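Residue-level structure breakdown
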Amino acid sequence: MHVVATAGHVDHGKSTLVRALTGMEPDRWEEERRRGLTIDLGYAWTTLPSGRDVAFVDVPGHERFLGNMLAGLGPAPVVCFVVAVDEGWQAQSGDHRDAVAALGIERGVVVLTRADRAPGRAEEVLAQVRAELAGTGLRDAPAVTVSALEGTGLDELRAALDDVLAQAPAPADGRLRLWVDRSFTITGSGTVVTGTLAAGTLRQDDRLELLGAGGARPVAVRGLHSRNRPAASLEPYARVAVNLRGVPADDVHRGDALVTPGAWPVTGVLDVRRTTGSAFPLLAEQLVVHAGTAAVPARLSPFDDDHARLALDRPLPLVLGDRVVLRDPGSRSVLGGALVLDADPPALRRRGDRARRAARLTDLDASGDVLAEVARRGAVPAERLHRLGLLPAADAAPPAGVRAAGGWWVHAPVLDAWQERLRTAVEELHARDPLAAGLSRGAARDLLALPDAALVDPVVRGAGLAQEGGHIRSPQHRGGLGAHEPAVRRLEHRLAAEPFRAPEAEDLTALRLGARELAAAERAGRLLRIGEGLVLLPTAPALAMRELARLPQPFTTSQARQALGTTRRVAIPLLEHLDARGWTRRLDAGHRTVAR
């Protein structure tokens, strides 16, 4: 489906045109039909000659309902810009033109209505309209002259719409964001919200987040409708009605948004670039920001004529590249439009920060600068960059100067600095305490102030260090024994003569070999610990296997003890050690066999 919004001065025949094209009444309120004045958004749909389905969002033209107009125009990708031939360009025509320009809408059809009232004036009015639209994306839009009452020109309009919609780019089927324009209750169904689906795919039973003034709350999709027909799923662009479970209708308002959970940043501070309207220092400090269907009070803080920071009264799900419309709350006209350059801007605390930020925004490409954003933060999750609109996907390849590490993108100089600092710290620890197992992972993370434990492993690998038992060490460092070298050598000499006669606790105490010294000797490859306080030579397992292989298979623990000439204190842990290596296999409580 395609979605087209109307735009144009009040009483220039927008609703009459939609009614003539669709056969449906877009004015939903009795007061609208009684007064012949569109107050709120209206909806209707039809099928064009090509078979394309199109839904119309009919917006009010009166200046008093500018907010309602922006809510309808905001999410729409295509517009029918309506000007009556008998009246020509009027005040609200200019407001709607400014809104179209501010929103960056570049596709549409110019419709000259009420041709029956002023025969012969169409060319004159069209020239006027072309001049007024010259600075917008509709400067070259096709133009059609119609009389909705007489039915003339409607076929040509349908054909023009077909041509425009055929050239419209396919919307990206990514994360879902649906700006809510209506909320109501249907008996037996509960809460229903409507909107123009511009991104993502909606499916029945989807679990979504509803973002509003009260924060985020989980909701479930109970059912979907489009054009009064049920649907299992809907894709952009479509006019959709969503039956929600988990929220009463009174808690949902125009300007709320249904989004994919966790997929969108929710921001209250934006850095923006002016796209239309007066220079920023000339605008009011307090204004209203229109985004999607939302209208939020905000404070404007200019950096220069074209760049400013917006502080919103409530957070919105906005990203790089989104368009917002700025309106003075004391007037009924559009002040201008702005493009979101940064939905997560840096704090400005130091002297000169504002000037530096202005220079940075001036040089910033409208599509963003991933390298600069990563450099500013040092390290940032790739998923965060994707949510901010800087990456097409979280698994995108990093640019030169950025390295992927543990799900994070890290500025190359920052990663190099982390690796060098960790390498230095480990080498200093080895020199200071040769018996130390190395630097613990927790100590390494604290030392480098890493934002995530997942970064420890990539930093260790990049530094050329090794990990063992939760400690980080140099691969060349097996640990010196210092003053304990003679004691370890005496123990080695004793075990060489009697390989399976492990020293008793008092023997180790006499040698001044405690748990720390024994661990250092094991890291150095001098001893093997097979239990608490139980040490043998590293060759002991192989020697034991030679003796066990000579026994009748299977063998008992007692037979193994006798073959090795040792005690149960040593035999049982040694056999369990061999089981763990897969060299022997336990058959039952009393028997084992040598593994073949």
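Heads up: the structure comes first, above all this text.
A brief report on the enclosed structure follows. (Residues numbered from 1 in each chain as written. Predicted model: local features only at pLDDT ≥ 70, side-chain atom pairs only at ≥ 80, totals over all residues. Heavy atoms only, no water.)

A word on the overall build of the protein chain
- Looking only at helices and strands, the protein chain features 18 helices and 32 strands.
- The C-alpha atoms of the protein chain give a radius of gyration of 37 Å, which is well past the 25 Å a tight globule of 596 residues would have.
- Expressed as lengths along the three principal axes of its C-alpha atoms, the size of the protein chain is roughly 120 × 60 × 40 Å.
- Per-residue burial over the protein chain gives 50% buried out of 596 residues.
- Long-range pairs, those at least 24 residues apart, make up 66% of the contacts in the protein chain between residues at least 6 apart in sequence.
- Carbon and sulfur atoms make up 48% of the accessible area of the protein chain, which amounts to about 26500 Å² in all.
- Across the protein chain, 75 positive and 73 negative side-chain charges occur, with their mean positions spaced 8 Å apart. (Helix = DSSP H or I, 4+ residues; strand = E, 2+ residues; numbered from the N terminus. Rg over C-alpha atoms; globule rule 2.2 N^0.38 Å. Buried < 20%, exposed > 50% of the residue type's maximum accessible area, 1.4 Å probe, protein only. Contact = heavy atoms within 4.5 Å. Areas by Shrake-Rupley, 256 points an atom, 1.4 Å probe, with all protein chains shown as cover. Lys, Arg positive; Asp, Glu negative; His and termini not counted. Charge placed at Lys NZ, Arg CZ, Asp CG, Glu CD.)

A look at the side chain of Thr196
- Relative to the helices and strands, Thr196 is located in strand E8 (residues 190–197).
- With residues up to four places along the chain from it excluded, the contact list for Thr196 reads Val3, Val57, Pro75, Leu178, Trp179, Asp181, Tyr237, Ala238 and Arg239.

Some details on the sheet that holds strand E23 (residues 402–405)
- The strand order E22-E24-E23 describes an open sheet built from three strands, whose pairing is antiparallel. Of all strands in the sheet, those with a lone pairing partner are strand E22 (379–381) and E23, marking the two edges. Averaged over all pairs of adjacent strands, the angle between strand axes in this sheet comes to 25 degrees, irrespective of strand direction.
- Strand direction decides the pairing type here: E22 and strand E24 (residues 408–411), joined by three bridges, are antiparallel. Bridge pairing in E24 places Val380 opposite Trp409.
- Strand contacts of helix H8 (residues 370–377): E22, E23 and E24, with the helix running at about 80 degrees to E24, the strand carrying the most contacts. (Pairing = 2+ DSSP bridges. Axes fitted to C-alpha atoms, helices over the stretch in contact; angles between N-to-C directions.)

Thoughts on the pairing of E24
- A two-sided burial pattern is seen for E24, the buried positions comprising Trp408 and Val410 on one face and Trp409 and His411 on the other.
- Bridging between E23 and E24 involves four bridges; their strand directions are antiparallel. Counted as the bridge partner of Ala405 is Trp408 from E24.
- Here E23 folds back onto E24, and the loop between the two strands holds two residues, one of which, Gly406, carries a positive phi near 60 degrees.

Side note on the nonpolar core
- Counting 40 residues, the largest nonpolar core has Leu310, Val324 and Leu326 as the members making the most contacts within it.
- Not counting chain neighbours up to four residues away, the residues in contact with Val324 comprise Ala102, Val289, His290, Ala291, Leu310, Leu318, Gly336, Gly337, Ala338 and Val340.
- Ala502, Leu518, Leu548 and Leu551 belong to the second-largest nonpolar core, a separate cluster that totals 31 residues. (Core = buried A, V, L, I, M, F, W, Y, C linked by side-chain atoms within 4.5 Å.)

Examining the packing of aromatic side chains
- One pass over the full model with this rule turns up one aromatic pair.
- Judged by centre distance (5.6 Å) and plane angle (10 degrees), the rings of Phe81 and Trp89 are stacked.
- If you follow Arg175 out to its NZ or CZ, it ends over the ring of Trp264, 4.1 Å from the centre.
- Taking NZ or CZ as reference, Arg581 lies 4.7 Å from the ring centre of Trp583, over its face. (Phe/Tyr/Trp six-rings, centres within 6.5 Å; stacked < 30°, edge-to-face > 60°. Lys NZ or Arg CZ within 6 Å of the ring centre and 35° of its normal.)

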